[in-house]
Amino acid sequence: MSTTEVNVPCENIDRAVKPYSYNPSSWSQRIPIAVLALVAAGITFHMALFQWGFIDSTWDPVFGDQSNKVLKSDVAQDLFLLIGIHDAGMGLLAYLGDAVLGLAGSTRRWQYRPWMVILFGIDVVPLGIISAVLVACQAFIVGYWCFLCLVTAVISLILVYWAWDEVRISVTYLWRVYKAGGAKNLWLAFWGSRRPLMDRIAAEMLA
């Protein structure tokens, strides 16, 4: 560790970190995620209205009445009994979570708020997996297709692709902190503590 790192006060530690060539938490990456998640939230809200009984039919320019049959299928009802909420309502909450967590935190959150990035990943990645499973259920179990369900499934996979980079780098950062400084420093880094060792590791990763 250099003398510069040792003597840098914690509150001025940004000045000791050389410029990064790439920022996985930049707004240019996170705003599109939030916008696309809000689009998906709007779509799932429409489907949830149907499952809740507030509207008589869902909009489907491709498969027509098949969407209604999918949303009222035995698979959808079994999911409702299992989790206590309709699958469209669950999707609505998850996409809203994607949008909120996508916008939360600064453009250095991958390093200073890893817990937030990991929580973001926990919300995004399983949603993509669940969407893919539900599409498979349409093909192999239900026997009908839902256009809006397919659209949200595609959006989910896009969100996983866009979000994965930030999650991967944040997890890698925590792993390197653990290898260099042990479990105590890992715990501190996870909750956003700022130490010269941690900034050095981050700079080495992205130099």
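Just so it is clear, the structure is predicted and the values come from calculations on it, not from any experiment.

The rules behind these values
- Residues numbered from 1 in each chain as written.
- Predicted model: local features only at pLDDT ≥ 70, side-chain atom pairs only at ≥ 80, totals over all residues.
- Heavy atoms only, no water.
- Helix = DSSP H or I, 4+ residues; strand = E, 2+ residues; numbered from the N terminus.
- Buried < 20%, exposed > 50% of the residue type's maximum accessible area, 1.4 Å probe, protein only.
- Contact = heavy atoms within 4.5 Å.
- Areas by Shrake-Rupley, 256 points an atom, 1.4 Å probe, with all protein chains shown as cover.
- Salt bridge = Lys/Arg side-chain N within 4 Å of Asp/Glu carboxyl O.
- Expected span 1.5 Å × (residues − 1).
- Patch = residues over 30% accessible without salt bridge, like charges linked within 9 Å, V, L, I, M, F, W, Y side chains within 5 Å.
- Axes fitted to C-alpha atoms, helices over the stretch in contact; angles between N-to-C directions.
- Left-handed = near helix turned anticlockwise from the far one by under 90°.
- Nonpolar A, V, L, I, M, F, W, Y, C, P; charged D, E, K, R; others polar.
- Disulfide = S-S within 2.5 Å.
- Core = buried A, V, L, I, M, F, W, Y, C linked by side-chain atoms within 4.5 Å.

Let us now look at the overall build of the protein chain. From N to C terminus, the protein chain includes nine helices and zero strands. When the helices and strands of the protein chain are placed in sequence order, the string is α-α-α-α-α-α-α-α-α. For the protein chain, with 207 residues in total, the buried portion stands at 43%. Within the protein chain, contacts between residues separated by at least 24 positions form 74% of all contacts whose residues are at least 6 apart in sequence. In the form shown here, the protein chain has an accessible surface area of approximately 10800 Å², with 67% of it arising from carbon and sulfur atoms.

This next bit is on the pattern of salt bridges. Counting across every chain of the model gives four salt bridges. Here R168 and D165 are joined by a salt bridge, their closest N and O atoms 2.7 Å apart. Of this pair, R168 and D165 both sit in helix α8 (residues 147-190), three residues apart, which is roughly one turn of the helix. Of the residues examined, D165 reaches a relative accessible area of 18% and is grouped as buried. Between E204 and R200 there is a salt bridge, with the nearest N and O atoms lying 3.1 Å from each other. Here the residue E204 and the residue R200 both occupy positions in helix α9 (residues 196-206), the gap between them amounting to four residues, near one helical turn. With a relative accessible area of 49%, E204 lands in the partly exposed category.

Here helix α5 (residues 87-103) spans 24 Å end to end across 17 residues, near enough to the 24 Å set by a 1.5 Å rise per residue. The buried fraction of α5 amounts to 12 of the 17 residues, a majority that puts the element mostly inside the structure. Every buried residue belonging to α5 is among D87, A88, G89, G91, L92, A94, Y95, G97, D98, A99, L101 and G102, and all of these are buried. Summarising the contacts, the buried residues of α5 are in contact with α2 (27-52), α4 (74-83), α6 (109-112), α7 (114-142) and α8. G105 sits one or two positions beyond α5 and adopts a positive phi of about 90°.

A few words now on a nonpolar patch on the surface. A cluster of nonpolar side chains, contributed by W27, I31, V35, V39 and L103, occupies part of the molecular surface with about 430 Å² of accessible area. Per-element tally for the nonpolar patch: the top contributor is α2, with four residues. Following the sequence through the fold, W27 ends up in helix α2. The class for W27 is partly exposed, based on a relative accessible area of 38%.

This part is about the packing of α7 against α8. Pairs of packed helices are described in terms of their axes, by the angle between the two and the distance that separates them. Direction vectors running N to C along α7 and α8 enclose 145°, while the axes themselves pass 6 Å from each other. For the pair α7 and α8, the crossing hand works out as left-handed. Here the contact of α7 with α8 is built from residues that sort into 22 nonpolar, seven polar and one charged.

On to the environment of R113, then. Along the chain, R113 turns up in the loop between α6 and α7. Along the sequence, R113 and A189 sit 76 residues apart, while their C-alpha atoms lie 8.1 Å from each other.

Taken as a whole, this structure holds one disulfide when the rule is applied. Covalent S-S linkage joins C146 and C149, the inter-sulfur distance amounting to 2.4 Å. Disulfide C146-C149: the torsion about the S-S bond is 70°, which places it as right-handed. On the basis of relative accessible area, C146 is assigned to the buried category, the value being 1%.

So, on to the nonpolar core. Ranked by size, the top nonpolar core spans 29 residues in total, and within it M47, Y95, F120, C146, C149, I155 and L159 carry the most contacts. Contributions of two or more residues to this core are made by α2, α3 (66-71), α5, α7 and α8. Per-element tally for this core: the top contributor is α2, with nine residues. Residue contacts for I155: discarding those within four places in its chain leaves L36, V39, A40 and I43. I169, M198, A202 and M205 belong to the second largest nonpolar core, which has 12 residues in total.

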